[in-house]
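Here are the chains, one letter per residue:
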Amino acid sequence: MYRSHSCGKLRASDINTEVTLAGWVQKTRDKGFMIWVDLRDRYGITQLIFDEERTAASVVEKAKTLGREFVIQVKGTVIERESKNKNMPTGDIEILVNEVTILNEALVPPFTIEDETDGGEDIRMKYRYLDIRRNPVKNSLIFRHQVAMKVRNYLSQEGFIEVETPYLIKSTPEGARDFVVPSRMNEGQFYALPQSPQTFKQLLMVGGMDKYFQIVKCFRDEDLRADRQPEFTQIDCEMAFVEQEDILTIFEGLTRHLLKEIKGVAIGDFPRMTYDEAMRTYGNDKPDIRFGMKFGELNEVARHKDFNVFNSAELVVGIAVPGGAAYTRKEIDKLIDWVKRPQVGALGMVYVKCNEDGTYKSSVDKFYDQKDLAQWAQITDAKPGDLICVLSGDIHKVRPQLSALRMELAERLGLRNPEEFAALWVVDFPLLEWDEETARYHAMHHPFTSPKPEDIPLLDTQPGDVRANAYDLVLNGNEIGGGSIRIHDKATQALMFDHLGFTPEEAKAQFGFLMDAFQYGAPPHGGIAFGFDRLVAILGGQETIRDFIAFPKNNSGRDVMIDAPANIDAGQLKELHIKLDL
């Protein structure tokens, strides 16, 4: 038996108990006649004491050889600690050691295994197995497990069945880039790793599994950022014989359950907002509604003066920044520089200070009088003491620019409290979006999303106006889930493929198996997928997902710990019928 107790379990009630512990040496303190060792495992830290008066000399000598991160086993007696540590659960006791066994020696780690470490991100990713020993990462992984269990329990109680779907599937041209896997036994042919189990879960609905879920790994070969990895995890769900409202109700329930069980938070209604309203009011389709600063469109009151910047703009739009009138000119200039950064791309910013006495001072006083500026304040809901920030330009550029400014200001003003939660549904997305590069329409979600029935006649004449029977769940300005009611009949699916530019032959080659299945009694169905990594991070009070993944990739998609991706040898390439031009 390596241990009778964990390093976080013993208390004053265990005094005089003979115990066996095992773990890693956190640190040692050698006073010559007495040595203290902090022993750590996943459950906590227990202090060990080696005393020349009470411990055999050979045991004390062995204790003197212990280094950081040595793996050891000790046997001894629980005694009362003289200098108690109220900051530790085990702080009332220590172990008087009478036997120590070194299970494995260790090199000095490249960074300290402590909550506040001296290791940078790169070195910690290279030695991720050491980083996992630190409480912040360890606790994040335990937290992820707890969330997964809550999800499984809730969906199981709602009658969902977890079904595994294949990882080696067929590449499809829609969506992000696939990771492809060469087939040794089928020369020149490739599998793809799934971007989602989309078609398989629809086939499960045809198969009569009317409530399916899976916590599943998915893969996309795309550019990375803080909340995106090349491999990620989804809570993937599908239901048969449902309409949109049925799905929204079930997954509002899941979200409420997680917030209540994990965070102890009860939230109110989930507002519904159309895609058009979200873009018009917040400049993006995943708005953070925990704070205001709603967009005010100023075209009618800002154009037709002599200010050509606004007159030539497709959209003039502003937000009111609470308390911003107190900003100095230097602070405002820094804001202007911020929106002009390449990451945002604005050409400049007009501002108006709403003075406490009801007057206004703007950067365009030459062109606009007090009456004009009062109208701007009314439209942006600016109060005395606020600052109105105004951007202008093409609609599809200026809205995301102002949205980025809104989120940045909210961060600076402390309006994005990670312990406060606000959820909403964004609905009625466009079914199709135009791609300038390919000069054709692409599915905004995926080609299996059903159009709103009343909009189907518009597919031939105004395809850009067709709304999808789709919905996204947004939490604190992050899309945590998205889904749709699916097409479930062959004729409508063929029509959709036609509008996406597929020839009948291409549609059959790519998705013939699904269209064939629709001919054997496919029920009406729909579903949703939650980004599990992102959901866990938000519930954990963060917006970056890396610490909630055991072995994440870096921003270049590399695993620096195992050095992947990597070359393979010539023999493997030959077996896979792959020739590289070097």
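Everything that follows concerns the structure shown earlier in this document.
First, a word on scope: everything that follows refers to the structure included in this document. Just so it is clear, the structure is predicted and the values come from calculations on it, not from any experiment.

1. A closer look at the nonpolar core
And step 1. By size, the foremost hydrophobic cluster in this structure holds 44 residues, and its most contacted members are Val147, Leu155, Phe251, Trp425 and Phe530.
And step 2. With 8 residues, helix H6 (residues 244-263) is the single largest residue contributor to this core.
And step 3. Those residues within four positions of Trp425 in sequence are excluded, and the remaining contacts are Leu248, Phe251, Glu252, Phe270, Pro271, Arg272, Met273, Tyr471, Asp472, Leu473 and Ile528.
And step 4. Grouped together as the second largest cluster of nonpolar side chains are 28 residues, Ala443, Ile487, Leu514 and Phe518 included.

2. What to know about a negative patch on the surface
And step 1. A grouping of Glu114, Asp115, Glu116 and Asp118 is seen on the molecular surface, where their side chains present a negatively charged patch.
And step 2. Position of Glu114 among the secondary structure elements: in the loop between strand E5 (93-104) and helix H2 (121-126).

3. Examining the state of the cysteines
And step 1. Per the stated rule, a full pass over the model turns up 0 disulfides.
And step 2. Its sulfur unpaired, Cys218 is 12 Å from the next cysteine sulfur, which belongs to Cys237.

4. Focus: the sheet that holds strand E17 (residues 423-427)
And step 1. In space, the 8 strands of this open sheet follow the order E6-E9-E10-E22-E21-E20-E17-E11, with mixed pairing throughout. With partners counted over all chains shown, the strands left at the sheet margins are strand E6 (161-162) and strand E11 (272-274), one partner each.
And step 2. Where E17 lies against strand E20 (residues 470-475), 5 bridges are found, and the strand directions are antiparallel. Directly across from Trp425, in E20, lies its bridge partner Leu473.

5. Focus: the packing of helix H13 (residues 490-499) against helix H14 (residues 504-518)
And step 1. The interhelical angle for the contact between H13 and H14, taken along N-to-C directions, is 160°, at an axis separation of 10 Å. By the angle between their directions, the pair H13 and H14 is classed as roughly antiparallel. As for how H13 packs across H14, the hand of that crossing is right-handed. Counting all contacts with H13, which are made through Lys490, Gln493, Ala494 and Phe497, the residues of H14 involved are Ala507, Phe511, Met515 and Phe518.

6. What to know about the packing of aromatic side chains
And step 1. In this structure the tally under the stated criterion is 19 aromatic pairs.
And step 2. Residues Tyr275 and Phe429 carry aromatic rings whose centres are separated by 5.3 Å and whose planes lie at 40° to one another, so their mutual orientation is tilted. With a gap of 154 residues between them, Tyr275 in helix H7 (residues 275-282) and Phe429 in the loop between E17 and strand E18 (432-435) connect regions that are remote in the sequence. Per residue, the accessibility class of Tyr275 equals that of Phe429, and both read buried.
And step 3. Both rings, one in Phe307 and one in Phe310, keep their centres 4.8 Å apart while their planes meet at 85°; by these two values the pair is edge-to-face. Accessibility assignment for this pair places Phe307 and Phe310 in one class, buried.

7. Quick word on unusual backbone geometry
Across residues other than glycine, the phi torsion is negative in most instances, and most of the peptide bonds are trans.
And step 1. A cis geometry characterises the amide bond from Ala564 onward to Pro565, with omega recorded as 5°.
And step 2. The topology assignment puts Pro565 in the loop between helix H15 (532-539) and helix H16 (570-575).
And step 3. The phi torsion at Asn16 lies on the positive side, around 80°, for a residue other than glycine.

8. Brief notes about the environment of Leu475
And step 1. Positionally, Leu475 belongs in strand E20.
And step 2. Of the residues examined, Leu475 reaches a relative accessible area of 0% and is grouped as buried.
And step 3. In this structure, the C-alpha to C-alpha distance between Leu475 and Phe421, residues 54 residues apart in sequence, is 6.9 Å.
And step 4. Residue contacts for Leu475: discarding those within four places in its chain leaves Phe421, Ala422, Ala423, Ile480 and Ile538.

9. Let's talk about the environment of Glu506
And step 1. One can find Glu506 in helix H14.
And step 2. When its relative accessible area of 40% is taken as the criterion, Glu506 is described as partly exposed.

10. Things to note about H15
And step 1. Among the 8 residues that make up H15, 8 are buried, leaving the element largely enclosed by the rest of the structure.
And step 2. Residues of H15 that are buried include every one of Phe532, Asp533, Arg534, Leu535, Val536, Ala537, Ile538 and Leu539, and no others.
And step 3. Against helix H4 (135-157), strand E10 (231-240), H6, E20, strand E21 (478-485) and strand E22 (525-531) lie the buried residues of H15.
And step 4. Positive backbone phi, at 85°, marks Gly541, one or two positions downstream of H15.

Parameters and conventions
Residues numbered from 1 in each chain as written. Predicted model: local features only at pLDDT ≥ 70, side-chain atom pairs only at ≥ 80, totals over all residues. Heavy atoms only, no water. Core = buried A, V, L, I, M, F, W, Y, C linked by side-chain atoms within 4.5 Å. Buried < 20%, exposed > 50% of the residue type's maximum accessible area, 1.4 Å probe, protein only. Helix = DSSP H or I, 4+ residues; strand = E, 2+ residues; numbered from the N terminus. Contact = heavy atoms within 4.5 Å. Patch = residues over 30% accessible without salt bridge, like charges linked within 9 Å, V, L, I, M, F, W, Y side chains within 5 Å. Areas by Shrake-Rupley, 256 points an atom, 1.4 Å probe, with all protein chains shown as cover. Salt bridge = Lys/Arg side-chain N within 4 Å of Asp/Glu carboxyl O. Lys, Arg positive; Asp, Glu negative; His and termini not counted. Charge placed at Lys NZ, Arg CZ, Asp CG, Glu CD. Disulfide = S-S within 2.5 Å. Pairing = 2+ DSSP bridges. Axes fitted to C-alpha atoms, helices over the stretch in contact; angles between N-to-C directions. Parallel < 35°, antiparallel > 145°, perpendicular 65-115°, else oblique. Left-handed = near helix turned anticlockwise from the far one by under 90°. Phe/Tyr/Trp six-rings, centres within 6.5 Å; stacked < 30°, edge-to-face > 60°.

Scope: geometric values only; no functional claims are made or implied.
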